[in-house]
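Geometric and topological summary
Residue-level listing of the chains:
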Amino acid sequence: MFIAGYIEKPERGKDIILTEKGRISNEKFFPTLEEKRLIDQYWKNKSELRKARKKANSIIDDSTSTKAVEIDENSGDSDWKTELIDQLKKFSPGKFESFSRLLISKMGVRIDNQRGIIRSGDHSIDGFGYFQSDEFRTNRVAIQAKRFTNGSVGEPEIDRFKGVMDSFNAEYGIFITTSYFTDQAKEKAVVGNNSVTLIDGIKLASLVQKYQLRV
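Everything quoted here is computed from the prediction, not taken from an experiment. (Residues numbered from 1 in each chain as written. Predicted model: local features only at pLDDT ≥ 70, side-chain atom pairs only at ≥ 80, totals over all residues. Heavy atoms only, no water.)

With that settled, the discussion passes to the overall build of the protein chain. The helix and strand inventory of the protein chain stands at seven helices and seven strands. What you see in the protein chain, going N to C, is helices and strands ordered as α-α-β-β-α-α-β-β-β-α-β-α-β-α. Going through the 215 residues of the protein chain one by one, you find that 34% of them count as buried. (Helix = DSSP H or I, 4+ residues; strand = E, 2+ residues; numbered from the N terminus. Buried < 20%, exposed > 50% of the residue type's maximum accessible area, 1.4 Å probe, protein only.)

Structure representation (structure tokens):
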């Protein structure tokens, strides 16, 4: 009724107040075609909002406690992403690598459970998998995951990753971080034959939302 203009916008704990239109209108003609369109659109928007809010609820579970990161219709987009990234930064390096492999698998890469999974700090890669781009072509994908609590990922890190990608004969690379990439790192990522997809903290949070990832 508020959408159609028959009552003033309702407030919690207060009486419903009719507008001038609501006082003089004839209920026999309610709703008009235009009013019906407005009402249908209102409920459609509410339904889409509920679906988006449900999809965005992400639960991050560490070894000692469960932290729920929930998005309601009044929270800012950047607020929950910042909270989620802060939780990911508390992961151990090994756990963040496992988290990253799980996310990449949700995105369609078939993870090889034997290759590329070595403890953090070995200057290797943190995951290896295969992505089928069409009925005939399968690409080899190398994964690097860096849980940075501060600072940025620069060109040297991308350069080292590309060198290791060559040893694995990987056509593509995916570099995931809780931080961000410098402009030089972004430029280095697309140079040469083996390009690297960069996923920074903000994009990482969006992917967790998109794939409803639970760890």
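Its 13 residues give helix H5 (residues 155-167) an end-to-end C-alpha distance of 19 Å, which sits within 8% of 18 Å, the value for a rise of 1.5 Å per residue. For H5, every residue scored as buried is listed here: Ile 158, Phe 161, Lys 162, Val 164 and Met 165. Angularly, the buried residues of H5 cover 165 degrees about the axis, an arc narrow enough to put them on a single face. Looking at the packing, one finds that the buried side of H5 touches strand S5 (138-146), strand S6 (172-177), helix H6 (183-189) and strand S7 (195-199). Count one or two residues on from H5 and you reach Asn 169, which has phi positive near 55 degrees. (Expected span 1.5 Å × (residues − 1). Arc of directions from axis to C-beta. Contact = heavy atoms within 4.5 Å.)

With that out of the way, let us pick up helix H7 (residues 201-210). For an α-helix the count is 3.6 residues per turn, leaving residues at separations of three or four pointing the same way. Three or more residues of H7 are buried, namely Gly 201, Leu 204, Ala 205, Leu 207 and Val 208. Around the axis of H7, the buried residues are gathered within 160 degrees of arc, so they sit on the same side. Backbone geometry just after H7 places Gln 212 at a positive phi near 50 degrees.

A few words now on the environment of Leu 198. One can find Leu 198 in strand S7. Separated by 17 residues in the primary sequence, Leu 198 and Phe 181 have C-alpha atoms spaced 7.8 Å apart. Apart from the residues lying within four places of it in its own chain, the contact partners of Leu 198 are Ile 158, Phe 175, Phe 181, Ala 185, Lys 186, Ala 189 and Lys 203.

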